[in-house]
Amino acid sequence: KQEVTQIPAALSVPEGENLVLNCSFTDSAIYNLQWFRQDPGKGLTSLLLIQSSQREQTSGRLNASLDKSSGRSTLYIAASQPGDSATYLCAVSVPGANSKLTFGKGITLSVRP
Amino acid sequence: ETGVTQSPTHLIKTRGQQVTLRCSSQSGHNTVSWYQQALGQGPQFIFQYYREEENGRGNFPPRFSGLQFPNYSSELNVNALELDDSALYLCASSLVSGDEQYFGPGTRLTVT
């Protein structure tokens, strides 16, 4: 059974800091990995999708890497801003009939002005 | 291009009642997945519909059921509501099963 872990559950950093959010998963036979952002009480916004054959993806100040063999992914946020404050979730899908997403519990990030 | 929409935004029901939640998928997407997110938890997969057929189900009881229509919109029905059904219900659509999933804003269900 695939399990996804995100530690720590919460993180507080000063504005401008570069930071790394970690995600680990137990089954390396994944199809893809997605990072999402969730604002309080809202839906999920897809940030980056990494296919199993890829090592990283970049979008603006965000960079996500994937190491399937070790079951890890990191989301790097450069020059953090107060507007980056949100919960960040990672989710993996496995090859199969429906490729459902299995989520971690998320990391709640607070960027202090 | 219209994104994923869900209705209603919020809903309050009494234990034992039935509820129907609705989702319109992103234009051109034929796969819809439903997730339940309890407070402080990650979303949990309920089921997926592909071209009007159920295409996989998570660990949820049969009182959670769904439909997908020819225009690929979808409904989630929950019978005999329990207090633990209180959660944010998220709908996601994708072009094909396994592709990147795009989420709607969710429906917040409160069962009293």
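Computed from a predicted structure; not experimentally measured.

Chemist: Please set out the nonpolar core residue by residue, giving values where relevant.
Modeler: One finds Leu 21, Trp 35, Leu 75, Ile 77 and Tyr 88 of chain A to be the most contacted residues of the largest nonpolar core, which totals 24 residues. Mapped onto this core, the elements with two or more residues apiece are β3 (19-25), β4 (32-38), β5 (44-51), β7 (62-67), β8 (72-77), β9 (86-93) and β11 (107-112) of chain A.

Chemist: Give a description of the state of the cysteines that names residues and reports values.
Modeler: Counting across every chain of the model gives 2 disulfides over all chains. At a sulfur-sulfur separation of 1.9 Å, the disulfide partner of Cys 23 of chain A is Cys 90 of chain A. Between Cys 23 of chain A and Cys 90 of chain A the disulfide shows an S-S torsion of about 70°. By sign, it is right-handed. Remark: Cys 90 of chain A occurs in strand β9 and Cys 23 of chain A occurs in strand β3; sequence separation between them is 67 residues. Exposure remark for Cys 90 of chain A: the relative accessible area of 0% places this residue in the buried category. With a sulfur-sulfur separation of 1.8 Å, Cys 23 of chain B is cross-linked through a disulfide to Cys 91 of chain B.

Chemist: Describe the environment of Glu 3 of chain A, with residues and values.
Modeler: Residues and elements named next belong to chain A. Looking at where Glu 3 falls in the secondary structure, it is placed in the segment before β1 (4-5). Between the alpha carbons of Glu 3 and Thr 26 there is a distance of 5.5 Å; along the sequence they are 23 residues apart. When sequence neighbours within four positions are dropped, the list of residues in contact with Glu 3 reads Ser 24, Phe 25 and Thr 26.

Chemist: Now, about the packing of aromatic side chains: what can you tell me, with residues and values included?
Modeler: Summed over the entire model, instances satisfying the criterion amount to 8 aromatic pairs over all chains. For the ring pair Phe 103 of chain A and Tyr 35 of chain B, a centre distance of 5.7 Å and an interplane angle of 85° mean the geometry is edge-to-face. Of this pair, Phe 103 of chain A sits in strand β10 (residues 101-103) while Tyr 35 of chain B is found in strand β4 (residues 31-37), placing the two residues in two different chains. Note on Phe 47 of chain B and Tyr 49 of chain B: the rings are 5.4 Å apart at their centroids and 85° apart in plane angle, and the pair reads as edge-to-face. A relative accessible area of 6% means that Tyr 49 of chain B is categorised as buried. Among the aromatic side chains, those forming a connected cluster through ring pairs are Phe 36 and Phe 103 of chain A together with Tyr 35, Phe 45 and Phe 103 of chain B.

Criteria and thresholds
- Residues numbered from 1 in each chain as written.
- Chains lettered and ligands numbered in written order.
- Predicted model: local features only at pLDDT ≥ 70, side-chain atom pairs only at ≥ 80, totals over all residues.
- Heavy atoms only, no water.
- Core = buried A, V, L, I, M, F, W, Y, C linked by side-chain atoms within 4.5 Å.
- Buried < 20%, exposed > 50% of the residue type's maximum accessible area, 1.4 Å probe, protein only.
- Helix = DSSP H or I, 4+ residues; strand = E, 2+ residues; numbered from the N terminus.
- Disulfide = S-S within 2.5 Å.
- Contact = heavy atoms within 4.5 Å.
- Phe/Tyr/Trp six-rings, centres within 6.5 Å; stacked < 30°, edge-to-face > 60°.

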